[in-house]
Every structure is written in C-alpha cells, then in structure tokens.
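So the chains spell out like this:
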Amino acid sequence: KGTELILDAIKKIASKGSKFRVRFVVPDAGAGTYSLAKQYENIVSLRVLPHDNEMEYFAEIAQADFILCPYLPYMYRDRGSGVFLDALGIGVPIIATRGTGFIDKLFNDELDAVEFMESASGNGLFAAMENAVENKAKRKSAAQKVAPRIRQIADPDHWLSDIVSG
C-alpha cells in the first residue's frame, strides 16, 4: 500500500537528523516492523491496536499533525481508503500520492487539505513532509473546513438515500 515509501522516508529522516517523528498504528505488526521501530527508536514509535478498538483508533488519528497516505497509484487507481476518509472526517490533513483515483475524483474541492507527494518515492514523501510542515496552518484549516462534508460522504445513510431515491 505504500509502507515501503514510509520506510524509505524514515531512513531519509535519520540521515538528515530531522526532527520528524513517525508513529505507526497498526492492527498487527510483524518482526520487520518491530525491528524497524527498535532500529529507529528516536524517530519511530509503534502501537499495535486491534481492529475492533474504534474509539482509540479515532483518538490516535485526532492526535496526529498529518496522516501519511503514500498509496501506490497502481494499487489505488480505483480503490478508496478508509484511513483517508477517517482522517479528513476528523479534520486532520493528509500527505498523499498523486494519481490515486479516489482522491482525484472525489476531493477536487478539498485538495488544500492534502499535501501531495511529487513522486511515489521515499524522497517524494520526505519532501512532502517538509512542505506540509511549512504549510501546516493552511492544511489544518482546510481539513477542518472540509470535515463535515467528508463525514457526510462517508455516512452509509447518505449513500442509501441516493440509492433509494434514484
């Protein structure tokens, strides 16, 4: 989904001595993830959070400055992302890859809430992270402004009423 881009960006953060911190919140973690968290413990923190713990999941998202969504365009050309919707629905800005169809098709008016990567690479993600920090107030304001609309889009009742009426 793009995890390897995050790993490449973490290496870049480590080599530059940047002050970025990356927090992985995952439903399960393999040995490689634990190893990475230990190797880069000054940059990476890891929290394993079961799928059924919805309240803590949303609390984790709400605490973030940005949510990293470096989706690989070939995998997400025609797919959506629950994490993307959840973050924007809470009002947290996103760092994402260009060329993912669901972003391009659904979120034209909300693109100020997204800091786009110029390339689907670790370097592209790192550069987008730097730009996002520089534009933090603008991105956060745009995400908070769009949050009510995103919650409406993500609401199943919204889709059911369109299906029934139309």
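The written sequence of each chain sets the order in which its residues are numbered from 1. Note on the predicted model: pLDDT of at least 70 is required for a residue's local features to be given, and 80 or more for side-chain atom pairs to be given and counted; whole-chain, interface and lining totals, by contrast, use all residues. For the side-chain quantities, the full set of heavy atoms in the structure was used; hydrogens and water were omitted.

Trainee: Please set out the sheet that holds strand β4 (residues 94-97) residue by residue, giving values where relevant.
Mentor: Two strands qualify as a pair provided that DSSP identifies no fewer than 2 bridges between them. By definition, any uninterrupted DSSP run of H or I lasting at least four residues is a helix, any uninterrupted run of E lasting at least two residues is a strand, and each is numbered from the N terminus. With parallel pairing, the 3 strands of this open sheet are ordered in space as β3-β4-β5. With one partner strand each, in any of the chains shown, β3 (67-69) and β5 (114-117) form the two edges of the open sheet. Direction aside, the axes of adjacent strands within the sheet are offset by 20° on average. Pairing of β4 with β5, which is carried by 4 bridges, proceeds in the parallel orientation. Paired with Thr97 across the bridge in β5 is Met117. Every angle, taken between N-to-C directions, lies between 0 and 180 degrees, and every axis is a line fitted to C-alpha atoms, over only the stretch in contact when it is a helix.

Trainee: So what about the confidence of the model for the chain? Which residues, and what values?
Mentor: Here pLDDT means the predictor's own confidence in every residue, given as a number from 0 to 100. For the chain, the average pLDDT comes to 80, and 81% of its residues sit at 70 or higher. The secondary structure element of the chain with the lowest average pLDDT is helix α6 (residues 101-106), at 59, and the one with the highest is helix α7 (residues 122-134), at 90.

Trainee: Which residues make up the side chain of Glu60, and what values do they have?
Mentor: Relative to the assigned elements, Glu60 resides in helix α3 (residues 54-63). Side-chain atoms alone can form a polar contact between residues adjacent in sequence; in general such a contact is a pair of N or O atoms within 3.5 Å, and within protein one must be able to donate a hydrogen while the other accepts it. Engagement of the side chain of Glu60 in a polar contact is seen with the side chain of Arg47, the distance being 2.6 Å. We call two residues contacting when some pair of their heavy atoms lies within 4.5 Å. Other than its neighbours up to four places away in sequence, Glu60 contacts Arg23, Val25, Arg47 and Leu49.

Trainee: An account of the pattern of salt bridges is requested, with residue identities and associated values reported.
Mentor: The salt bridge criterion pairs a side-chain nitrogen of Lys or Arg with a carboxyl oxygen of Asp or Glu, the two atoms within 4 Å. In total, this model carries 5 salt bridges according to the counting rule given. Between Glu56 and Arg47 there is a salt bridge, with its nearest N and O atoms 1.9 Å apart. One salt-bridge network, held together by shared partners, links Arg23, Arg47, Glu56 and Glu60.

Trainee: Tell me about the packing of aromatic side chains, and please be specific about residues and values.
Mentor: Pairing of aromatic side chains here covers Phe, Tyr and the six-membered ring of Trp, requires ring centres within 6.5 Å, and sorts the geometry by plane angle: under 30 degrees stacked, over 60 edge-to-face, intermediate tilted. What the rule picks out here adds up to 2 aromatic pairs. Ring geometry for Phe20 and Phe126: centres 5.9 Å apart, planes at 85°, overall edge-to-face. Of the two residues, Phe20 is situated in the loop between α1 (3-16) and β1 (22-26) and Phe126 in helix α7; the sequence distance between them amounts to 106 residues. Partly exposed describes any residue whose relative accessible area lies between the buried limit of under 20% and the exposed limit of over 50%, with all areas from a 1.4 Å probe on protein chains only and scaled to the type maximum. We classify Phe126 as buried; its relative accessible area is 2%.

Trainee: Which residues make up the nonpolar core, and what values do they have?
Mentor: Definition used in this section: a nonpolar core is a set of buried Ala, Val, Leu, Ile, Met, Phe, Trp, Tyr and Cys residues joined via side-chain atoms within 4.5 Å. Residues Ile10, Phe24, Ile95 and Met129 are the most contacted members of the largest nonpolar core, which totals 23 residues. Mapped by element, the contributors of at least two residues to this core are α1, β1, α2 (31-39) and α7. Excluding residues that lie within four positions of it along the chain, Met129 makes contacts with Ala9, Ile13, Phe20, Val22, Leu68 and Ile95. Judged by nonpolar contacts, the second largest core, of 18 residues, contains Ile61, Tyr71, Val92 and Val146.

Trainee: Mind laying out the environment of Lys136, listing which residues take part and the relevant values?
Mentor: Mapped onto the secondary structure, Lys136 falls in helix α8 (residues 136-154). The exposure class assigned to Lys136 is partly exposed, which follows from its relative accessible area of 37%. Residues contacting Lys136, with those up to four places away along its chain left out, are Asp65 and Phe66. A polar contact of 3.3 Å, which involves the side chain of Lys136, links it to the side chain of Asp65.

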